[in-house]
Amino acid sequence: MTDFMPIVSPPTPAPSPRPSPFHYSTSQPKYNPLISSEFSTLGPASRKQYLISILHECSPAELRFISQTITPMLKRDVLTELPAELALHILSYVDDPCTLARASQVCKRWHELVADDWLWKVLCDTYSFRADTEDKSGTNLFEDDESWDETDKFTSNSIDPWLTARDRLKRQELTSVSHWGPYSSDELLHPRTQFSHQEYFRRAYGTMLNLRKGGNILRSHRMPIPTPDSGVVTSVALDTEWVVVGLANSKIHLFSAITGVLSRTLVGHEQGVWAVHLICRGGYWGRGEMDEDGYPDDADDPVVPAALKNRTRVGNDYSKPSDICCTSEGWGQPNSIIVSASCDKTLRVWDARSGHCIYVLRGHTATVRCARVLHNRPIAVTGSRDSTLRVWNIQKGIMLRVLHGHTASVRCLDVCGNKVVSGSYDTTCRVNILHCNRRQFRRFRGYGYHRQSMGRGHRVCPLPSSNTLLSHSFIHNRNCIAQLTGHTALVCQLQLSATTNLLATGGSDGRVITFSLRSFTALQRLAAHDSSVTSLQFDANFLITGGNDGRVRVFETQTGTWVRDLSERSESVWKVIYKKGVCAIMSKRAGKTVMEIWTFKPKER
C-alpha cells in the first residue's frame, strides 16, 4: 500500500514596495525668484563671492553649459560701436582685398564701412595703383558707335563675354565710372561722373592677376614679308582706344585697342615710317610758354580744320613727362590724332577716326627719325638725320622754329613740359627749353659713341651709349651726378620713373638692370634674354621685356622674379608695348610679321 503526501503550493510573495508618485517632486527644491532679487542687492565683492561659491558646486557639464551661455554675451561688434573714423583707420591695415570683400558681407554697417572710397584709395596706394588723368576723366569710351560696330561684327568669335554684352555694359556705364576710357575731360561731349577708387581698384587688381596668369589674345594679325626689310615694325603707339603701328614699308596700321580689329591702314608716305605718335582725343588746352596769350585762338580760325579745333576749357599747365607708349593728352580736339615721321623727309598729321591726312609738313632735308608731341598743346618736335630739330604747330600746320646745335644725325628725343632732350650721333645730348620768342639749351658731353634711346624724366637726364656706360646728368647745372655700369655691350633701351625712383636699362648683352635713383646702385641684374633687348617697359609692379631671341618676358619690378613668358616664341620680337590691360606684341614668326593684341582686363560684372 502506497502512501501519498499532499503537495502544498508555496505562498505568493508580497509585492515590492513602489515609490510614491509624489515623492520625487517633493524632494527637489524649486527655483525661488527671491534669490535673484537678493543677488541684485549685494555689493560687488559679495556678488563675486556668491558666484564663486556657485561655480564650485557645479559639475563639468554644468560649467560647460555656463561657458556656452556666457561666450555669446561677451562678444561685441567693435567696428559698429566705434566712430566711423576709428573703424576706417582699423580697416586701413587690411591689405588683402579678399578679406575686405568678406568683411562687407558681415552686416549692413560693415558693408557701409568697407564701401567707403577712402579705404580703397589707401589700398590703391598700397598696391601702387595710381589713377591718372585718363582714369579720373569719367569718359564713357563705349559710347563710341564705331567701336561697338566693330565688336558686333565678331560676336561669334571666342572673345571675352563683356565685349558682346552691349546692352548690359551700356547700362552699367551710365551709372558707374569708366576708368579705362581715353584721355578726355570733354564735358561738352561726355558728362563727368564721380571717380570711384573701389571700382578702379577692382579693375586694376583684376588686371594684375591676369597679367600673372591669364589674359586673352583679342586678335593675331599675320602679314607676309615680300622683302626682308619691308615688314619690319619700326614704331608703335598705344592708348586705351587705338594701337598705331608704323612699318618700314611706308604703311601705318590702325587697330582698335578694344577689340583688336584692324580698323584701317593709312597710306601716304612714300618711304618707310620711322616714328608714330598718338594724341588722345579730348583733354584741355594747357597754358604754356609756347602760347602768346595762354588761350586757344582757333574758335573762328578758318585755317584750322574742325578735327583739330579745341572744344574744352583752358587748364593749368604743369610739367608732364612724356608717355612711354608714345601718346600724349589732347588739347580738346574731338578725335584722336596721329603724327607720323618718315624717310621721305615729311611729317604727316592724320585723323584717326576717318583716316584722313590733314597735313603734310615739309622742312627737313633728310629722314625724320623721331617725333614727340607736348601734352595738352598742338606742339610737335621732330629730330632728323639733317642734324636739326624742328618745332611744329600741328593744329595750324606750320613750322614754328628750327633748333640747331647738333653736328650729326639726331637719333632720339623726348619731351617733358617745355623741355626737349635730344641725343645725336655727334656723342652729345642737348636739352632745349622752348619759349615763345627764344630758346635756351644745355649741352651734355662725355661719350665717344652715339645714343640709342632716350628715357623719361624731368630734372634728371639719363644718357645711354654704346660704350656700355650710362650717365645721369642734372639738367639745371649740367653736372654729371652718376655713372652707372653693369652692361657688357651696347645700352639700347631704358626707362626712368620718378614715381618709383627706378631706372631700368636693357642692353645688347641680353641683360636688364634696374638702378635706384636715390643711391644710383644696381638693384636687380636680370639675364632676361639670350640676345639684344629690343623692348623694355615697367611700372611699380611688373617689368615687361622683349628680345631678339623671340621671347616676351614678365618680371616683378621690385624683386626681379620671373613671372611668365607671353605669347609663343618667335624668330625675333621687334616691339612690345603695354598700357592699362592692353599689350601689343610685334614680332617675326615663320617668315611673317605677326601683330598680337592681348587684353588682361577683368571681365565685367
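Residues numbered from 1 in each chain as written. Predicted model: local features only at pLDDT ≥ 70, side-chain atom pairs only at ≥ 80, totals over all residues. Heavy atoms only, no water.

**Quick word on the environment of G282**
Reasoning step 1: Among the secondary structure elements, G282 is positioned in strand β7 (residues 282-283).
Reasoning step 2: Considered as a pair, G282 and Q333 are 51 residues apart in the sequence and their alpha carbons are 5.4 Å apart. (Helix = DSSP H or I, 4+ residues; strand = E, 2+ residues; numbered from the N terminus.)

**With respect to the sheet that holds strand β10 (residues 327-328)**
Strands in a sheet are paired, the pairing made by backbone hydrogen bonds, and the direction either parallel or antiparallel.
Reasoning step 1: Overall, mixed pairing links the 5 strands, which are arranged β10-β6-β12-β13-β14 in an open sheet. Strand pairing shows two members of the sheet lacking a second neighbour, β10 and β14 (357-362), which therefore form its edges.
Reasoning step 2: Bridging between strand β12 (residues 337-342) and strand β13 (residues 346-351) involves 5 bridges; their strand directions are antiparallel. Its bridge partner being in β13, I337 is matched across the sheet by D351. (Pairing = 2+ DSSP bridges.)

**Considering the confidence of the model for the protein chain**
Reasoning step 1: A residue-level look at the protein chain finds 72% of positions with pLDDT of 70 or above and a mean pLDDT of 79.
Reasoning step 2: Confidence, expressed as mean pLDDT per element, reaches its minimum in the protein chain at helix α12 (residues 161-164) with 32 and its maximum at strand β32 (residues 552-556) with 97.
Reasoning step 3: Under a pLDDT of 50 for its full length, residues 436-441 has, in the predicted model, 16 contacts with residues more than four places off or in other chains.
Reasoning step 4: This stretch, residues 446-451, has a pLDDT under 50; its non-local contacts, to residues over four places away or in other chains, come to 28 contacts. (pLDDT = per-residue confidence, 0-100. Contact = heavy atoms within 4.5 Å.)

**Here we look at the packing of aromatic side chains**
Reasoning step 1: Counted under the stated rule, the structure contains 10 aromatic pairs.
Reasoning step 2: Seen from their ring centres, W598 and F600 are 5.9 Å apart, and the 15° between their planes marks the pair as stacked.
Reasoning step 3: By relative accessible area, F600 is classed as buried at 0%.
Reasoning step 4: Put simply, the rings of W120, Y127, F129, F201 and Y205 pair up and form one aromatic cluster. (Phe/Tyr/Trp six-rings, centres within 6.5 Å; stacked < 30°, edge-to-face > 60°. Buried < 20%, exposed > 50% of the residue type's maximum accessible area, 1.4 Å probe, protein only.)

**Here we look at helix α14 (residues 197-212)**
Reasoning step 1: For α14, spanning 16 residues, the distance from its first C-alpha to its last is 22 Å, which sits close to the expected 22 Å at 1.5 Å a residue.
Reasoning step 2: Trailing α14 by a residue or two, G214 shows a phi angle of about 150°, which is positive. (Expected span 1.5 Å × (residues − 1).)

**A closer look at the sheet that holds strand β15 (residues 368-373)**
Reasoning step 1: Sheet architecture is open: 4 strands sit in the order β15-β16-β17-β18, paired in antiparallel fashion. At either end of the open sheet lies a strand with only one pairing partner, and these are β15 and β18 (398-403). Sheet twist, expressed as the mean angle between neighbouring strand axes with direction ignored, is 25°.
Reasoning step 2: As defined by bridge partners, strand β16 (residues 379-384) adjoins strand β17 (residues 389-393) across 5 bridges and the pair is classed as antiparallel. Each residue of the ladder has a partner; that of V381, found in β17, is V391. (Axes fitted to C-alpha atoms, helices over the stretch in contact; angles between N-to-C directions.)

**A few points about the pattern of salt bridges**
Reasoning step 1: Under the definition given, this model contains 14 salt bridges.
Reasoning step 2: Across the pair R203 and E199 runs a salt bridge whose closest N-O atoms are separated by 3.5 Å. Of the two residues, R203 and E199 both sit in helix α14, 4 residues apart, roughly one turn of that helix. There is no split in this pair, since R203 and E199 are both buried.
Reasoning step 3: We note a salt bridge from R281 to E241, for which the minimum N-O separation is 3.0 Å. Residue R281 is found in the loop between β6 (273-279) and β7, and its partner E241 is found in the loop between β2 (233-238) and β3 (242-247); the two are separated by 40 residues along the sequence.
Reasoning step 4: Within the structure, one salt-bridge network assembled from shared partners comprises D530, D549, R551 and R569. (Salt bridge = Lys/Arg side-chain N within 4 Å of Asp/Glu carboxyl O.)

**Side note on the pairing of strand β5 (residues 262-266)**
Reasoning step 1: Judged from the 4 bridges that link them, strand β4 (residues 252-256) and β5 form a sheet pairing that is antiparallel. Looking at β5, one finds that F255 is bridged to L262.
Reasoning step 2: The antiparallel pairing of β4 with β5 creates a hairpin that spans 5 residues between the two strands, and G260 there sits at a positive phi of about 80°.

**Details of the nonpolar core**
Reasoning step 1: One finds F129, F201 and C583 to be the most contacted residues of the largest nonpolar core, which totals 34 residues.
Reasoning step 2: No other element matches α14, which puts 6 residues into this core.
Reasoning step 3: F201 has contacts with P97, W120, L123, C124, Y127, F129 and G206, leaving out every residue within four places of it along the chain.
Reasoning step 4: In this structure, W285, L347, V373 and I394 belong to the second largest nonpolar core, which totals 21 residues. (Core = buried A, V, L, I, M, F, W, Y, C linked by side-chain atoms within 4.5 Å.)

**A word on the environment of L247**
Reasoning step 1: Relative to the helices and strands, L247 is located in strand β3.
Reasoning step 2: C-alpha of L247 to C-alpha of V233: the two residues are 14 residues apart in sequence and 4.5 Å apart in space.
Reasoning step 3: In this structure L247 touches G231, V232, V233, T234, H253, G272, V273 and M595, once residues within four positions along its chain are discounted.

**Considerations on unusual backbone geometry**
Note on backbone geometry: most residues besides glycine have negative phi, and most peptide bonds are trans.
Reasoning step 1: For T427, which is not glycine, the phi dihedral falls at a positive 70°.
Reasoning step 2: By the secondary structure assignment, T427 is in the loop between β20 (419-424) and β21 (429-434).
Reasoning step 3: Overall, T427 belongs to the buried group, its relative accessible area being 17%.
Reasoning step 4: Positive phi outside glycine occurs at F520, with the angle close to 55°.
Reasoning step 5: Residue placement: F520 occurs in the loop between β28 (511-516) and β29 (522-527).
Reasoning step 6: We classify F520 as partly exposed; its relative accessible area is 23%.

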